[in-house]
Amino acid sequence: MENFVFGLDGAELNDSDSFLDKGIIDSTGVLEVVAFLEETYGFSVADEEVVPENFDSVDNLVVYVEKKKAEMPGQPARLMGA
Amino acid sequence: MRVCTKCVLPETFPGIEFDENGVCNHCRAHKQAEYTASRKTQYREKFERLWAERQASGAYDCLMSYSGGKDSTYTLDLLAREYGARVLAVTVDNGFVSPTAIENIRRVAEAVGVAHLFVKPRFDVLKKVFAACAERQIFPPKTLERASTICTACMAMVKFICLQIAVEKNIPFVVFGWSPGQAPVTSSVFKNNPEMIRKMQETVRKPLEEIAGGEILPYFLQEEHFARPERFPYNINPLAFLEYDEARIHARIEQLGWKKPEDTDPNSTNCLLNSFANTVHRKQFGYNPYAFELAELVRQGTLDRHDALARLSEPEDGEMVHLVKKRLGIEQPQLR
Ligand SMILES: [Zn+2]
């Protein structure tokens, strides 16, 4: 997923680094991540959920995605990862 | 120079890779037309739902970030005519708005029937910012893909100035006239989250404050704005989810009295600084900062590939570049 989002090999990025602070991603990038998650996992991301706490690092994203998948009815969730 | 055989991205573009047919990675990742169409419908419906439910308790339904260029002129007209919006159009004067653009702004505001506001930041402050942007890289490398450093700095200030005004005047939508090549459909309806905005603002404010000092601060959001999170508006970019057709845009806006400026470069219909910004970027990085946008318009089928290549290879107007340098007080920018 890192590769999709940033076109990076991840070498310069720690999982806890803030995307915004590091300048890796801007507002357009955040919204591309939102669209990517919706397509990949099939849940929808509410406007109020697009906050740094959910989107501003790899760690935050992982926690957010796991939480959203757990909330999804039915189907077993697909595995996280690119 | 090697250029993608499908779009117009050159080999000098950051991170580009060509396959055995000379097709670039961006083209290979490009989604099918049906996919784009269904995304457009999805975002248009989302906007129209929000629009129908809006609580416009203030004097305006939306603030339009109005450059006077062709795309924002068309968008302004759409808002007023198709959506019946009470619009406050805002133009940030960076000191380089072309005289023709200023006349266009007055004519169009009158023809469309909207209130209009010029905001003119201190030019001595802007001068420092633009001169520094011509000399060195200020923002993260990612931003260079989409625009020159000068454009990025200017646009960031425009965004935060508009956001300030929207919060102060309690305007629920801020509308931009980005083309579908400049902004993907996924960013066309976006709720400004204060904590997110605070972080994004820091990435711009910090480097600009180092350049221009505290005089730059009035053009960014203050604590008084962050103290009103309930007033943070949606950002809307209608041209990303509506039909985009340059011929139709020109036909419509000419009816409003808009005239094509003869004094700007082929990629900007309002800003005199643009030629200089492009020159610097082309020298520093070896590609035109409009390549990304035009490549996307080619992929989406709204721009002919040969026209795009011609636009990108056109030399900048030397005289204009010289005038800008003089006004910025930099005769010889230090290019790296
Ligand atoms: Zn290509």
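Below: a short report on this structure. (Residues numbered from 1 in each chain as written. Chains lettered and ligands numbered in written order. Predicted model: local features only at pLDDT ≥ 70, side-chain atom pairs only at ≥ 80, totals over all residues. Heavy atoms only, no water.)

**What to know about the packing of aromatic side chains**
Residues and elements named next belong to chain B.
- Counting across every chain of the model gives 18 aromatic pairs over all chains.
- By the ring-pair criterion, three or more aromatic residues cluster together here, those being Phe-47, Trp-51, Tyr-83, Phe-173, Tyr-234 and Phe-241.
- One Lys or Arg, Arg-54, reaches over the ring of Trp-51 and ends 4.0 Å from the middle of that ring.
- Taking the ring centre of Phe-226 as reference, the NZ or CZ of Arg-198 above it sits at 4.2 Å. (Phe/Tyr/Trp six-rings, centres within 6.5 Å; stacked < 30°, edge-to-face > 60°. Lys NZ or Arg CZ within 6 Å of the ring centre and 35° of its normal.)

**Some words on the interface of chain B and chain A**
- Contact residues are listed per partner, giving 21 residues for chain B and 20 residues for chain A.
- Buried surface at the junction of chain B and chain A, summed over both partners, amounts to about 1,800 Å²; 59% is from carbon and sulfur atoms.
- In this assembly, chain B and chain A are joined by 6 salt bridges.
- Between B:Arg146 and A:Glu32 there is a salt bridge, with its nearest N and O atoms 4.0 Å apart.
- At the surface where chain B touches chain A, the tally comes to 7 residue pairs in polar contact (both at pLDDT 80 or more).
- Where the side of chain B that touches chain A is concerned, the elements lending two or more residues are helix 2 (33-52), strand 5 (189-191) and helix 7 (194-212) of chain B.
- Broken down by element, the residue count for the side of chain B that touches chain A peaks at 5 residues, all from helix 7 of chain B.
- Of the residues assigned to the side of chain B that touches chain A, the class counts are 7 nonpolar, 5 polar and 9 charged. (Contact = heavy atoms within 4.5 Å. Buried area = accessible area lost by both parts, 1.4 Å probe. Salt bridge = Lys/Arg side-chain N within 4 Å of Asp/Glu carboxyl O. Polar contact = N/O pair within 3.5 Å; in protein donor to acceptor, adjacent residues only side chain to side chain. Helix = DSSP H or I, 4+ residues; strand = E, 2+ residues; numbered from the N terminus. Nonpolar A, V, L, I, M, F, W, Y, C, P; charged D, E, K, R; others polar.)

**Section: the coordination of the zinc ion**
All names here are of chain B.
- Around the zinc ion, the protein contributes the donor atoms Cys-4 (SG), Cys-7 (SG), Cys-24 (SG) and Cys-27 (SG), at 2.3 Å from the metal centre.
- Binding-site remark: the zinc ion is held by donors from one chain whose sequence spacing is C-x2-C-x16-C-x2-C. Residue Cys-4 is located in the segment before helix 1 (25-29), and its partner Cys-24 is located in the segment before helix 1; the two are separated by 20 residues in the primary sequence. (Donors = N, O, S within 2.8 Å, 3.2 Å for Na, K, Ca; no water.)

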